[in-house]
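Tertiary structure, described
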Amino acid sequence: MREKIKHCFSAACEDRFVYHQYQEDAKKAKLRNKQISKILKQQKKEELKKLKILLLGTGESGKSTLTKQMRIIHINGFDMRERLDKVCDIRKNIKESIVVILLAMNQLGIPLQTENNHTSREFILHEAGNPEIHRTNEFLEHAEKLWSDPGVQECYSRSHEFQLIDCAKYFLDKIHEIKSPAYVPSDQDILRCRCVTTAIQHIEFGVPDGGNKVKFSVFDVGGQQGERKKWIQVFDSVTAILFVVDCSSFDQTLREDPTKNRLLEALENFDQVWNNRFLRYVSVLLFINKIDVLAEKIARGRDISELTKKYPGVFPDFETFTPTDADKLHFLDAFASPAPDSRRKSRPTIRTNVDPLTVKTAIYIKYLFMKIVRGELHLRERITKQDKHWHDEHGCEYFYTCAIDTANVERVMYGCRTLIVQNHLRRYGII
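Here is what the cut-offs are and how they apply
- Residues numbered from 1 in each chain as written.
- Predicted model: local features only at pLDDT ≥ 70, side-chain atom pairs only at ≥ 80, totals over all residues.
- Heavy atoms only, no water.
- Helix = DSSP H or I, 4+ residues; strand = E, 2+ residues; numbered from the N terminus.
- Buried < 20%, exposed > 50% of the residue type's maximum accessible area, 1.4 Å probe, protein only.
- Contact = heavy atoms within 4.5 Å.
- Areas by Shrake-Rupley, 256 points an atom, 1.4 Å probe, with all protein chains shown as cover.
- Arc of directions from axis to C-beta.
- Axes fitted to C-alpha atoms, helices over the stretch in contact; angles between N-to-C directions.
- Parallel < 35°, antiparallel > 145°, perpendicular 65-115°, else oblique.
- Left-handed = near helix turned anticlockwise from the far one by under 90°.
- Nonpolar A, V, L, I, M, F, W, Y, C, P; charged D, E, K, R; others polar.
- Core = buried A, V, L, I, M, F, W, Y, C linked by side-chain atoms within 4.5 Å.
- Expected span 1.5 Å × (residues − 1).
- Phe/Tyr/Trp six-rings, centres within 6.5 Å; stacked < 30°, edge-to-face > 60°.
- Lys NZ or Arg CZ within 6 Å of the ring centre and 35° of its normal.
- Pairing = 2+ DSSP bridges.

Our next topic: the overall build of the protein chain. Each helix and strand in the protein chain was counted, giving 15 helices and 6 strands. Burial analysis of the protein chain (431 residues in total) assigns 47% to the buried set. At a minimum sequence separation of 6, the contacts of the protein chain that also span at least 24 residues come to 78%. Counting only carbon and sulfur atoms, one obtains 53% of the accessible surface of the protein chain, whose full area is about 23400 Å².

Further remarks concern helix α4 (residues 117-126). Quick reminder: α-helices carry 3.6 residues per turn. Residues three or four places apart thus point the same way. Looking only at α4, the buried set comprises N117, S120, R121, F123 and I124. For α4, the angular spread of buried residues about the axis comes to 165°, placing them on one side. Facing away from the buried side of α4 by over 90 degrees, the exposed positions are T119 and H126. Buried-residue contacts for α4 involve α3 (80-108) and α5 (137-147).

We now examine the packing of helix α11 (residues 291-299) against helix α14 (residues 356-373). One can describe the packing of α11 onto α14 by two numbers: an axis separation of 9 Å at closest approach and a directional angle of 125°. Considered as vectors, α11 and α14 are oriented oblique to each other. Pair α11 / α14 crosses with right-handed handedness. For the pair α11 and α14, contact is made by I291, L294, A295 and I298 and by L357, T358, T361 and A362, respectively. Here the residues of the contact of α11 with α14 are counted per class, giving 6 nonpolar, 2 polar and no charged.

On to the nonpolar core. I241, F243, F270, F315, F369 and Y400 are the most contacted members of the largest nonpolar core, which totals 57 residues. The greatest single-element share of this core, amounting to 10 residues, is contributed by α14. Those residues in contact with F369 that sit more than four places away from it in its chain are F243, V245, L263, A266, L267, F270 and L286. Counting residues in hydrophobic clusters, the runner-up holds 34 residues, among them I98, F139, C167 and Y183.

For the rest of this paragraph, the subject is helix α2 (residues 63-74). Helix length check: α2 (12 residues) gives 16 Å between terminal C-alpha atoms against 16 Å at 1.5 Å per residue, within 8%. Along α2, the residues classified as buried are K63, T65, L66, T67, K68, Q69, M70 and I72. N76, located one to two residues past α2, shows a positive phi value of around 60°.

What follows is about the packing of α3 against α4. It is at 10 Å that the axes of α3 and α4 come closest, and there the two elements cross at 110°. As summarised for this structure, α3 and α4 are arranged roughly perpendicular, according to the angle between their axes. For the pair α3 and α4, the crossing hand works out as left-handed. Where α3 approaches α4, its residues I98, V99, L102, L103 and N106 are matched on the opposing element by R121, I124 and L125. For the contact of α3 with α4, the class distribution of residues is 6 nonpolar, 1 polar and 1 charged.

What follows concerns the packing of aromatic side chains. Applying the stated rule across the entire model yields 13 aromatic pairs. Taken together, a centroid distance of 6.5 Å and an interplanar angle of 10° make the contact between F270 and W274 stacked. Of the two residues, F270 and W274 both sit in helix α10 (residues 262-274), 4 residues apart, roughly one turn of that helix. Ring centres 5.8 Å apart and planes at 70° place the aromatic pair F287 and F399 in the edge-to-face group. Pair noted here: F287 is in strand β5 (residues 283-289) and F399 is in strand β6 (residues 396-400), with a separation of 112 residues, a long-range link. Each member of the pair, F287 as well as F399, carries the same accessibility label: buried. Taken together, the aromatic side chains of F243, F270, W274 and F369 make up a single cluster linked through ring pairs. The cationic tip of K52 hangs over the ring face of F219; the distance from NZ or CZ to the ring centre is 5.1 Å. Above the face of the F318 ring, K360 is positioned so that its terminal group lies 4.5 Å from the ring centre.

Looking at the secondary structure, you find I94 in helix α3. Note on I94: relative accessible area 0%, which makes it buried. On a C-alpha basis, the gap between I94 and E144 in space is 9.7 Å, while along the polypeptide they are 50 residues apart. Contact partners of I94, with chain neighbours within four places excluded, come to L140, A143, F171, L172, I175 and I178.

Attention shifts here to the pairing of β5. Counting buried positions over the 7 residues of β5 gives 7, a clear majority of the element. Residue alternation in β5 divides its side chains into two sets, S283, L285, F287 and N289 and V284, L286 and I288, and both sets are buried. Note: strand β4 (residues 240-246) against β5, 7 bridges, orientation parallel. Bridging from a neighbouring strand, F243 pairs with L286 of β5.

Spelled out as structure tokens, the structure:
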């Protein structure tokens with residue numbers, strides 16, 4: 001009997017210990033959950049303070065270049081390691097450019113003009129499949145010889161007929177500098193360097209505003225057709241969208257679809273974003289980009305009016321299109337120098353040496369996109385029914401940009417900042 005009582009007493013003590021231990025664990029778990037909830041609440045509060053900006057647009061429109069500009073303007077640019085890491089990418093750009101031009105010469109029936117360059121041509125094409133050949137100076141020396149050939153230059157002048165990256169001429173002109181062992185890429189070299197964005201890029205920075213620091217969180221996603229399915233991942237809590245358009249792409253087709261005009265694709269893509277039900281309350285800042293490339297193309301005799309014949313329902317007659325004086329002033333003001341500064345009282349000097357046809361073409365392209373904003377141009381079938389008030393809660397402002405021009409980008413971003421902050425405050429009922 002004594003043994004039985006002893007056993008029951010021990011079991012009771014053990015149960016009591018287990019019960020107390022359970023209570024202690026429950027208290028600790030409750031405290032831990034409370035602490036986690038407090039941290040998550042604080043994190044959410046901090047996230048709401050950030051202005052989430054989404055960079056959208058078709059492939060090669062200049063989104064990643066604008067992201068680099070934000071780093072230069074707001075995050076102290078690039079350190080030496082990052083600069084030296086870019087040397088390999090720059091050499092790859094040179095390799096891609098010269099190989100594409102040589103292959104295009106075959107297709108277009110353009111011969112080399114200098115007999116001695118045939119050896120260089122054979123070397124380049126023979127080594128095109130070598131993934132490491134761009135690292136050698138021998139490759140760059142052959143590329144440099146070919147680039148000086150009049151036949152290669154003639155082919156380059158017809159680059160709208162094949163797929164060539166925008167930075168081709170810039171880096172091919174600089175081969176002598178790039179092959180030097182002492183070469184360190186400049187900011188402009190990094191801005192020009194082309195790398196395909198295949199993942200979501202994210203940067204954060206603070207901008208002084210009224211004695212406070214406004215935090216921006218910028219997401220750059222790939223613009224190729226295969227990358228756009230990732231866009232939905234970053235739609236949540238977006239403050240504003242920077243939609244980037246390559247206005248020089250009117251005479252080019254998509255890399256992924258040679259039958260599709262790039263500018264038409266950009267218009268269709270913008271139509272989809274502007275009318276997306278998930279973005280109904282998000283304002284759009286339209287960046288009409290690559291004005292420098294547009295000017296170069298027009299100087300070479302390219303003309304957007306060819307699109308009227310091919311797509312008359314989308315592109316109205318360019319010849320009869322007449323920009324207003326206000327439109328012209330808006331365009332020229334975007335390239336005034338220097339960038340605005342709150343300490344300066346005088347307005348920057350407006351450039352007047354821009355080719356009038358470049359101005360007209362850029363304004364015409366702006367006009368096409370704003371027709372979508374006003375509901376005058378429909379390029380995609382509407383999945384969701386819209387009433388006349390559908391777009392009352394968001395707007396679209398446009399800006400002319402040259403992504404490789406830091407002064408221009410800084411000036412445009414300065415103008416955008418106020419709009420973005422106001423939209424953010426309005427969205428949360430603060431103003």
